[in-house]
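Spelled out, the chains give:
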Amino acid sequence: MTAIPVDDNTVQDPTRRAPLVLGDADLASVTQTVCEIAERPRPPTSWYVAFAVSVALTGGLFAAVGYLIVTGIGVLGNNSPVYWGWPIVNFVFWIGIGHAGTLISAILFLFRQRWRTSINRFAEAMTLFAVACAGVFPAVHVGRIWLVYWLAPYPNQMDLWPNFRSPLLWDVVAISTYGTVSALFWYLGMIPDLATLRDRATSRWRQLLYGLFALGWRGSATQWHRFEWAYLLLAALATPLVLSVHSVVSFDFAVAQVPGWHTTIFPPYFVAGAIFSGCAMVVTLAVPARAYFGLKSLITMRHLDNMNKLILGTSLLVGYAYGVEVFMAWYGGNMYEAFAFANRALGPYAWAYWLMVTCNVIVPQLFWIRKCRTTPWIMFLIAVLVNVGMWMERFVIIVSSLGRDFLPSSWGMFKPTAVDVMMLVGSFGLFFTLFLLFCRYLPMVAMAEVKAVLPPDRGPAPAVEVD
Amino acid sequence: MDQAARETDSKQVAGLLAEFDGPQALKAAASGVREAGYTRFEAYSPFPVHGIDAAMGRRRTLLPWLVLGGGIAGGLGALLLQWWTNAVDYPYLISGKPWFSLPANIPVVFEAIILLSALAAFGGGLALSGLPELFHPLLSCARFRRATTDGFFLGIDASDPQFDESRTAALLRSLGAGETELYDRPRTEQKVPRPLVMAVVVAACLALLPPLWIARVRATRSASPRLHLVSDMDFQPKYLPQQSSPLFGDGRAMRPPVEGTMAVDQRGDDPHLLRGEVEGQPATTFPVAVTSDRMKRGRSRYDIYCATCHGLAGDGDGITSQLAFEREEPKWVRPLSVHSQVVRDQPVGQLFQTISDGIRTMPGYSSQISVEDRWAVVLYVLALQRGRHATLEDVPTELRRHLDTALQGDARTPDTER
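Definitions and limits used
Residues numbered from 1 in each chain as written. Chains lettered and ligands numbered in written order. Predicted model: local features only at pLDDT ≥ 70, side-chain atom pairs only at ≥ 80, totals over all residues. Heavy atoms only, no water. Helix = DSSP H or I, 4+ residues; strand = E, 2+ residues; numbered from the N terminus. Rg over C-alpha atoms; globule rule 2.2 N^0.38 Å. Buried < 20%, exposed > 50% of the residue type's maximum accessible area, 1.4 Å probe, protein only. Contact = heavy atoms within 4.5 Å. Areas by Shrake-Rupley, 256 points an atom, 1.4 Å probe, with all protein chains shown as cover. Lys, Arg positive; Asp, Glu negative; His and termini not counted. Charge placed at Lys NZ, Arg CZ, Asp CG, Glu CD. Phe/Tyr/Trp six-rings, centres within 6.5 Å; stacked < 30°, edge-to-face > 60°. Lys NZ or Arg CZ within 6 Å of the ring centre and 35° of its normal. Salt bridge = Lys/Arg side-chain N within 4 Å of Asp/Glu carboxyl O. Pairing = 2+ DSSP bridges. Axes fitted to C-alpha atoms, helices over the stretch in contact; angles between N-to-C directions. Buried area = accessible area lost by both parts, 1.4 Å probe. Polar contact = N/O pair within 3.5 Å; in protein donor to acceptor, adjacent residues only side chain to side chain. Nonpolar A, V, L, I, M, F, W, Y, C, P; charged D, E, K, R; others polar. pLDDT = per-residue confidence, 0-100. Patch = residues over 30% accessible without salt bridge, like charges linked within 9 Å, V, L, I, M, F, W, Y side chains within 5 Å. Core = buried A, V, L, I, M, F, W, Y, C linked by side-chain atoms within 4.5 Å. Disulfide = S-S within 2.5 Å. Parallel < 35°, antiparallel > 145°, perpendicular 65-115°, else oblique.

In this section: the overall build of chain A. Secondary structure summary: chain A contains 15 helices and zero strands in total. A compact globule built from 467 residues would reach a C-alpha radius of gyration of about 23 Å, and chain A, at 23 Å, matches this within 12%. Here chain A, with 467 residues, has 59% of them falling under the buried criterion. Long-range contacts, defined here as pairs at least 24 residues apart, represent 81% of the contacts in chain A between residues at least 6 apart. On chain A, roughly 18,600 Å² of surface is accessible, and the fraction owed to carbon and sulfur atoms is 70%. Computed over 30 positive and 24 negative side-chain charges, the separation of the two mean positions in chain A equals 4 Å.

Listed below in structure tokens is the structure:
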């Protein structure tokens, strides 16, 4: 039997515990590796190039939104019979992306999956930025955006209250709660690391700004005790929250009577799809980021391998849901439902349906092969295809169902406009702008958490913990 | 030693800081310091050291109870909000379901529980940790900066009853401390510059002006139209009556009728029939034949168009009016009773004009009721007035016998007999 190479932690060997951090990292070097990214006086030119492109695209998003607000929603492709076009497709797509971040940071934390520590910080950041991108779409596509505060229950001279028994209002409540809790969770976890940056700061400005956001953290035993409790409780709260958010989003569809939407499988199906797409986005971001910022010893191949296994697992769940949908359409005996699915697979949007099935069900099966799970460019390619497939899934659900519902005389096709395209592309710009700023100025890896999982023989050993 | 070389004012000393090798040494030292009778000390580490709370003799935090409280408050609050707004204050009828149906309220209750618990966990966690605390003596101690990277420190506060600079330092060294160092309170109290304070005060006062202005506007009346921040569809690019337009030769936006245009009911020019006028004065006679059939026709039109406000008997107590009073509609004007002296004194022509053109808040009915039918309604109104104010003498002698039996026989009134 050949010895396992020291720098390969993807091999399952029951006689040893695979290291979570590679190389000869110790407490100081973990800090040094993570902090120096945020402390470089000038990031490399390629960062500026990426940032310029992202900012330009974000500008395109804002220009499109501004034009939309000033002119009216007629500038979008939404029209009879497809009144929910790309804005809702993009909204569901982005909100789904966010779910993997919460899965990694909260659910894996509760399950004591300690490998999560290296990737949870930027997975959470991804959640937050994805929720920000998602929030843009429902807000601007309501038409008179300046009256959007009508959604809030406040006493008003119209003597009206919002209807709390509407899925659209549940959506508002769920998304805003999700955004708030994700932000709190992310920020709370980052306070000790911000204090590290504060203590290493060499300029007065950095010291003041990091100091302000570190809130005076000193790492005292009392603070750590409260911090761990608060973090554990937030994780315990975020776990049911993340399951509820995409369930509520699916109610927007499932509670309506449109064939293809009115089905009880939607909540679990949406949650599985959300985690699937989010894990793919984590891999899409992690593969270039770890190579680019020199984090290969912290975000190891084992992390990516685990993420790819998650993608494979959720891909099977999603494929199962597609199958059950088709089965229900046939077994349910409802002619409209049956037609909706025949129309998806064979109708004018068949290309979208089969693209979705290919990207989401067939392509991820490559992850059964170990070589595909551990080769960066292959997993990156698969992850990008999964992102495409998951966008297509929402497109198929929304557009093909609305385009051909009960009354053949009101069937129609959906045609996106330039504004639609600009808003979709621009939302990626916004996402990457925020992500690049995060990489540049904030600790990308949860240093304090990684230090707690270092092997005991590296420098000062952490207290042995049995749990 | 550092502290010996330094000139220290004992009042300036905030505490003593000692560095240890690692988490195990720190834990042992914390235990030792506690056994020596110290109470005001704290251990600092770059990551949580498990078991150190027990070594320091610290109790568990109250935080879980705070979070439970937040969750209960969120759940009950959301339930109360939905019940009050959707079942009591503004009941929503949704597909005939009960006003308050719990299952449909669960999603919002659930989200509110999570939101308030999470806010309690975050806010409570920070507050119980004494954060934010942007100024602390330790933060100005250069050595301590390694506490967030790889340093393990024990700090004993100078306010501890057991604290003594040399004895405490000796104790810490006996517990395995590498370096010990006294740390000071900040020498000068850093004060916020006075102009900055003034600027903040002035800005805060100015910030109160907009809400005060809004409150004043909300509480008072104004004759000018409301402000339009966003005009919505109040102002549309279209021509209104009497506006000018460069599109037409005569400069008017309103177009005169095409030559030869005739009004819908312009039969000849009979002011008596069409406008209820005789020589410019309200007519006192009917321009149409007064017959029993016409009166019955008038009753059917009256019951359709007039009775909703004026009441079936003309008392001004129709169902719309009753409802308006019940709801305390501020702009509602009670319809006149047709039996009031003012109305009874009016000539038929004036009644006709009121029905045709409307009066006060009553709209005109010329577009809905034809000319003949309007005269029929006038006739029926006269009949109502006559019936209300009739005496026995008005009843023909040969019919008075029926009247007696009718009054004695049952309680039927002429109204219900219709």
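On we go.
To continue, consider the packing of aromatic side chains. Residue and element names in this part refer to chain A. On inspection of all chains with the given rule, the structure shows 49 aromatic pairs over all chains. Here Trp 351 and Phe 395 contribute two aromatic rings whose centre-to-centre distance is 6.1 Å and whose plane-to-plane angle is 40°, an arrangement assigned as tilted. Of the two residues, Trp 351 sits in helix H11 (residues 350–362) while Phe 395 sits in helix H13 (residues 376–403), which places them 44 residues apart along the sequence. Overall, Trp 351 belongs to the exposed group, its relative accessible area being 51%. Taken together, Phe 93, Trp 94, Phe 122, Phe 129, Trp 186, Phe 428, Phe 431, Phe 432, Phe 435 and Phe 438 form an aromatic cluster joined through their ring pairs. Just above the ring of Tyr 441 sits the side chain of Arg 440; from NZ or CZ to the centre is 4.9 Å.

Now for the pattern of salt bridges. Residue and element names in this part refer to chain B. Per the counting criterion, the structure on display carries 14 salt bridges over all chains. One salt bridge in this structure joins Arg 388 and Asp 315, with 2.9 Å as the shortest N-O distance. Here Asp 315 lies in the loop between helix H9 (292–310) and helix H10 (319–326) and Arg 388 lies in helix H13 (residues 371–388), a separation of 73 residues in the sequence.

Residue and element names in this part refer to chain A. Topologically, Ile 362 is positioned in helix H11. For Ile 362, a relative accessible area of 52% translates into the label exposed. The spatial distance from the C-alpha of Ile 362 to the C-alpha of Ser 315 is 8.7 Å, given a sequence separation of 47 residues.

Residues and elements named next belong to chain B. Ordered by their spatial adjacency, four strands build an open sheet running S2-S3-S1-S4, and the pairing between neighbours is antiparallel. Lying at the two open borders of the sheet, with one neighbouring strand each, are strand S2 (41–44) and strand S4 (180–184). On average, adjacent strands in this sheet sit at an angle of 25° to one another, irrespective of strand direction. Across the sheet, helix H2 (residues 23–35) touches strand S1 (13–20), S2 and strand S3 (152–157), and the angle it forms with S3 is around 20°. The sheet contacts of helix H6 (residues 165–174) involve S1, S3 and S4, and relative to S1 the element is tilted by about 15°.

Moving on, we come to the interface of chain B and chain A. Residue-level contacts link 70 residues of chain B with 65 residues of chain A. Buried surface at the junction of chain B and chain A, summed over both partners, amounts to about 5,900 Å²; 67% is from carbon and sulfur atoms. The partner of Arg 218 of chain A in a salt bridge is Glu 133 of chain B, and the shortest N-O contact between them spans 3.0 Å. Across the contact surface, chain B and chain A share 23 residue pairs in polar contact (both at pLDDT 80 or more). At the level of secondary structure, the elements contributing two or more residues to the side of chain B that touches chain A comprise H2, S2, helix H3 (52–56), helix H4 (63–89) and helix H5 (102–128) of chain B. With 16 residues, H5 of chain B is the single largest residue contributor to the side of chain B that touches chain A. Per-class residue counts for the side of chain B that touches chain A are 40 nonpolar, 16 polar and 14 charged.

Another aspect to go through is the confidence of the model for chain A. Residues and elements named next belong to chain A. Across chain A, the average pLDDT comes to 86, with 92% of residues at 70 or higher. At the low end of the mean pLDDT range in chain A sits helix H1 (residues 27–39), at 78; at the high end sits H11, at 94. Note on residues 458–467: pLDDT under 50 across the span, and 27 contacts to partners over four residues away in sequence or across chains.

Bringing a nonpolar patch on the surface into the picture now. All names here are of chain B. A contiguous nonpolar patch, built from Leu 80, Trp 83, Trp 84, Val 88, Leu 93, Trp 99, Phe 100, Leu 102 and Ile 106 and spanning about 900 Å² of accessible area, is present on the exposed surface. Counting residues per element, the ones that place at least two in the nonpolar patch are H4 and H5. A total of four residues in the nonpolar patch trace back to one element, the largest contributor, which is H4.

Residues and elements named next belong to chain B. Burial along S2 is two-sided: Phe 41 and Ala 43 facing one way and Glu 42 and Tyr 44 facing the other are all buried. Bridge count for S2 against S3 is four bridges, and the pairing is antiparallel. By the bridge assignment, Phe 41 is partnered in S3 with Ile 156.

Looking at the element boundaries, Ser 220 of chain A is found in the loop between helix H6 (204–214) and helix H7 (221–254). Residue Ser 220 of chain A is classed as buried on the basis of its relative accessible area, which comes to 3%. Setting aside residues no more than four positions away along its own chain, Ser 220 of chain A makes contact with Glu 42, Ala 43 and Tyr 44 of chain B.

The next thing to look at is the nonpolar core. Core analysis: the biggest nonpolar cluster contains 178 residues, and Trp 94, Phe 253, Phe 395 and Met 423 of chain A together with Leu 154 of chain B have the highest contact counts within it. Discounting residues that sit within four places of it in the chain, Phe 395 of chain A has contacts with Trp 86, Val 89, Tyr 349, Trp 351, Ala 352, Ser 400 and Phe 414 of chain A.

We now examine the state of the cysteines. All names here are of chain B. Considering all chains together, one arrives at zero disulfides over all chains under this definition. Left without a disulfide partner, Cys 309 is nearest to the cysteine sulfur of Cys 306, which lies 9.1 Å away. Residue class for Cys 309 comes out partly exposed when judged on its relative accessible area of 21%.

In summary, the side chains of a regular strand alternate between the two faces of the sheet. All names here are of chain B. The buried count for S1 comes to eight of eight residues, which makes it a mostly enclosed element. Looking at chain direction, S1 and S3 are connected through six bridges and run antiparallel. In the strand pairing of S3, Phe 20 is matched with Phe 152.

Here we come to the confidence of the model for chain B. Reading fine detail from the predicted coordinates is not recommended where pLDDT is low. Residue and element names in this part refer to chain B. The predicted model of chain B has a mean per-residue pLDDT of 83, with 91% of residues at 70 or higher. Looking across chain B, the model is least confident in helix H1 (residues 2–5), with a mean pLDDT of 45, and most confident in H9, with 93. In this model residues 1–8 is a low-confidence stretch, pLDDT under 50, and it forms eight contacts with partners more than four residues away in sequence or in other chains. Taken together, the stretch residues 411–418 has pLDDT below 50 and engages in six contacts with residues farther than four places along the chain or on a different chain. Complex prediction metrics read pTM 0.74 and ipTM 0.88.

We now examine the packing of helix H3 (residues 86–110) of chain A against helix H8 (residues 266–292) of chain A. In a packed pair of helices, the relevant descriptors are the angle between the two axes and the axis-to-axis distance. Residues and elements named next belong to chain A. Closest axis-to-axis distance for the H3/H8 pair is 6 Å, and the angle between their directions is 75°. On the basis of their axis angle, the class for H3 and H8 is roughly perpendicular. Residues Val 92, Trp 94, Gly 96, Ile 97, His 99, Ala 100, Leu 103 and Ile 104 of H3 form the contact with H8, whose own contacting residues are Phe 270, Ala 274, Ile 275, Ser 277, Gly 278, Cys 279, Met 281 and Val 282. In terms of residue class, the contact of H3 with H8 is made up of 12 nonpolar, four polar and no charged.

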